[in-house]
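# Examination of the molecular architecture
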Amino acid sequence: MTTIEECRAALDKLSDSMGDAEGDVRAAASMERSVTCHVTDLDVTFAGRLTGGRIEVRDTVPGPPREKAQIRLAMTGDDLVALVDGRLHFARAWASGRVRLEAGLRDLFHLRRLL
């Protein structure tokens, strides 16, 4: 089981990767949106913003998200780390229900380039 610190490090690594992206991925990452990632097995939520092509985590709170973000993710800590490390394919994890992604239709259209 991963720790909160390992999950935070994975989100930082994802943010760095997004910041270094080019082309369509860079364009998709440049959205300005509120974001939450609920780590279900640790019952903790990272809340922040997708801004300037990066994810800025502003709060770590116990339990599910307190406010409804524009982009909402939920998964286990192990799956978060595996996704960021490239050991788990997002589309397969989403299709199997291991990862939940909720967002508006327009945001989902843009996010598909990232994921």
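That block above? That's the structure.
Residues numbered from 1 in each chain as written. Predicted model: local features only at pLDDT ≥ 70, side-chain atom pairs only at ≥ 80, totals over all residues. Heavy atoms only, no water.

Here the phi dihedral of Asp43 falls at roughly 50 degrees; this positive angle occurs in a residue that is not glycine. The exposure class of Asp43 is partly exposed, given its relative accessible area of 40%. (Buried < 20%, exposed > 50% of the residue type's maximum accessible area, 1.4 Å probe, protein only.)

In terms of burial, strand E1 (residues 33-39) is largely enclosed, as seven of its seven residues are buried. Burial along E1 is two-sided: the residues Arg33, Val35, Cys37 and Val39 and Ser34, Thr36 and His38 are all buried. Where E1 meets strand E2 (residues 44-51), seven bridges bridge the pair, whose relative direction is antiparallel. Note that in E2 the partner of Arg33 across the bridge is Leu50. (Helix = DSSP H or I, 4+ residues; strand = E, 2+ residues; numbered from the N terminus. Pairing = 2+ DSSP bridges.)

A word on the nonpolar core. The biggest cluster of nonpolar side chains holds 28 residues, and the ones touching the most others in it are Phe46, Leu50, Ile71, Leu73, Met75, Leu80 and Val99. At the level of elements, helix H1 (4-20), E1, E2, strand E3 (54-62), strand E4 (71-75), helix H3 (77-85), helix H4 (90-96) and strand E5 (100-103) are the ones that each hand at least two residues to this core. Of the residues forming this core, the biggest block, five residues, is contributed by H3. Setting aside its immediate chain neighbours within four residues, Val99 contacts Leu73, Ala74, Met75, Leu83, Phe90, Ala93 and Trp94. (Core = buried A, V, L, I, M, F, W, Y, C linked by side-chain atoms within 4.5 Å. Contact = heavy atoms within 4.5 Å.)

Next up on the list: the side chain of Thr45. By the secondary structure assignment, Thr45 is in strand E2. Take Thr45: its relative accessible area is 1%, and that puts it in the buried class. Polar contacts involving the side chain of Thr45 include one to the main-chain carbonyl oxygen of Gly63, which spans 2.6 Å. Residue contacts for Thr45: discarding those within four places in its chain leaves Thr36, Cys37, His38, Asp59, Thr60, Val61, Gly63, Pro64 and Pro65. (Polar contact = N/O pair within 3.5 Å; in protein donor to acceptor, adjacent residues only side chain to side chain.)

Within this structure, the stated rule accounts for eight salt bridges. We note a salt bridge from Asp16 to Arg54, for which the minimum N-O separation is 2.6 Å. Within this pair, whereas Asp16 is found in helix H1, its partner Arg54 is found in strand E3, the two being separated by 38 residues in sequence. With a closest N to O distance of 2.5 Å, Asp79 and Arg98 form a salt bridge. With Asp79 in helix H3 and Arg98 in the loop between H4 and E5, this pair connects stretches of sequence that are 19 residues apart. The class for Asp79 is buried, based on a relative accessible area of 7%. Several salt bridges converge on common partners, so that one network encompasses Lys13, Asp85 and Arg87. (Salt bridge = Lys/Arg side-chain N within 4 Å of Asp/Glu carboxyl O.)

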